[in-house]
Amino acid sequence: MIVFDLRCGEAHVFEAWFGSTADYDSQSARGLVACPICGDGDIGKAAMAPAVPSKSNRAASPAEVKQGLAALARVQAEVLSKCDYVGGNFANEARAIDAGEAVKRGIYGEATRAEVAGLVADGIQVGQVPLPIRAKADA
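Throughout this description, residue numbers start from 1 for each chain and increase along the sequence as written. In keeping with the predicted nature of the model, local features appear solely for residues at pLDDT of at least 70, side-chain atom pairs appear and are counted solely at 80 or more, and the whole-chain, interface and lining totals rest on all residues. Here the side-chain values reflect all heavy atoms present in the structure, with hydrogen atoms and water set aside.

Enquirer: Looking at this structure, how should I read the packing of helix 3 (residues 90-98) against helix 4 (residues 113-121)?
Expert: The relative placement of two packed helices comes down to the angle between their axes together with the axis-to-axis distance. Only the stretch in contact is used when a helix axis is fitted, and all axes are lines through C-alpha atoms; the angle between N-to-C directions ranges over 0 to 180 degrees. A run of DSSP states H or I qualifies as a helix once it reaches four residues; a run of E qualifies as a strand once it reaches two. Both are numbered from the N-terminal end. In the contact formed by helix 3 and helix 4, the axes pass within 10 Å of each other and the chain directions differ by 15 degrees. Between helix 3 and helix 4, the angle falls in the class roughly parallel. As for the relative orientation of helix 3 and helix 4, their crossing is left-handed in sense. Contacts between helix 3 and helix 4 pair Phe90, Ala91, Ala94 and Arg95 from the former with Glu115, Gly118 and Leu119 from the latter. Residues are grouped as follows: nonpolar covers Ala, Val, Leu, Ile, Met, Phe, Trp, Tyr, Cys and Pro; charged covers Asp, Glu, Lys and Arg; every other residue, Gly included, is treated as polar. Its residues assigned to classes, the contact of helix 3 with helix 4 comprises four nonpolar, one polar and two charged. The cut-offs work like this: below 35 degrees is roughly parallel, past 145 is roughly antiparallel, 65 to 115 is roughly perpendicular, and the gaps in between are oblique. By the definition used in this description, the sense in which the near helix is turned from the far one sets the handedness, with an anticlockwise turn below a right angle giving left-handed and a clockwise turn giving right-handed. Here a residue-residue contact requires only that any non-hydrogen atoms of the pair lie within 4.5 Å.

Enquirer: Please explain the nonpolar core as it appears in this structure.
Expert: Across soluble globular proteins, you tend to see nonpolar side chains buried next to one another. Remark: nonpolar core denotes a set of buried residues (Ala, Val, Leu, Ile, Met, Phe, Trp, Tyr, Cys) joined through side-chain atoms within 4.5 Å. For each residue, the accessible area found with a 1.4 Å probe, counting protein chains only, is set against the maximum for its type, and the residue is called buried under 20%, exposed over 50%, and partly exposed in between. Counting residues in each nonpolar core, the largest one holds 10 residues, listed as Phe4, Leu6, Cys8, Phe14, Ala16, Phe18, Tyr24, Val33, Cys35 and Ile43. For this core, the secondary-structure elements that each account for two or more residues are strand 1 (2-8) and strand 2 (13-18). Excluding its chain neighbours within four sequence positions, the residues that come into contact with Ala16 are Ile2, Val3, Phe4 and Leu6. Counting residues in each nonpolar core, the second largest holds eight residues, with Val86, Ile97, Ile107 and Leu119 among its members.

Enquirer: Whenever I open this one, the pattern of salt bridges confuses me. Can you help?
Expert: It is possible for side chains of opposite charge to pair when their charged atoms get near one another. One side-chain nitrogen of Lys or Arg within 4 Å of one carboxyl oxygen of Asp or Glu is enough to make a salt bridge. Considering all chains together, one arrives at four salt bridges under this definition. Residue Arg105 pairs with Asp84 through a salt bridge whose shortest N-O separation is 2.7 Å. Here Asp84 lies in strand 4 (residues 84-87) and Arg105 lies in the loop between helix 3 and strand 5 (107-109), a separation of 21 residues in the sequence. Since its relative accessible area comes to 36%, Asp84 is described here as partly exposed. Here the salt bridges share partners, and the residues they tie into one network are Asp84, Glu93 and Arg105.

The following block contains the structure:
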């Protein structure tokens, strides 16, 4: 099925459904299409916008989801294997590294939103990666 916006000679615009463009052309040529408002048979297609969904409305395919999860798993594995866990001392340790008061290295841990906002405001680069929650004994 296809829907067309149609306009009569009296400028009434209405919507009509057809099996195909060829069906519309055939019915129009035989005078079978008329304005439902005034009955005028002088009908033509009106300008209309196609109903094309934006990409943001498109659900990710299973393959795309799998690819995204695999990429996240690679980042998580790299952080866990190459960075030092500093627990709740993340903001202080990040500031110390930035100031040259601590050995420059990758770190990860916990910080409040306010602490992260402060780091960012001071020009210290931070990022968030979802990681497994560590037990207090692991800190």
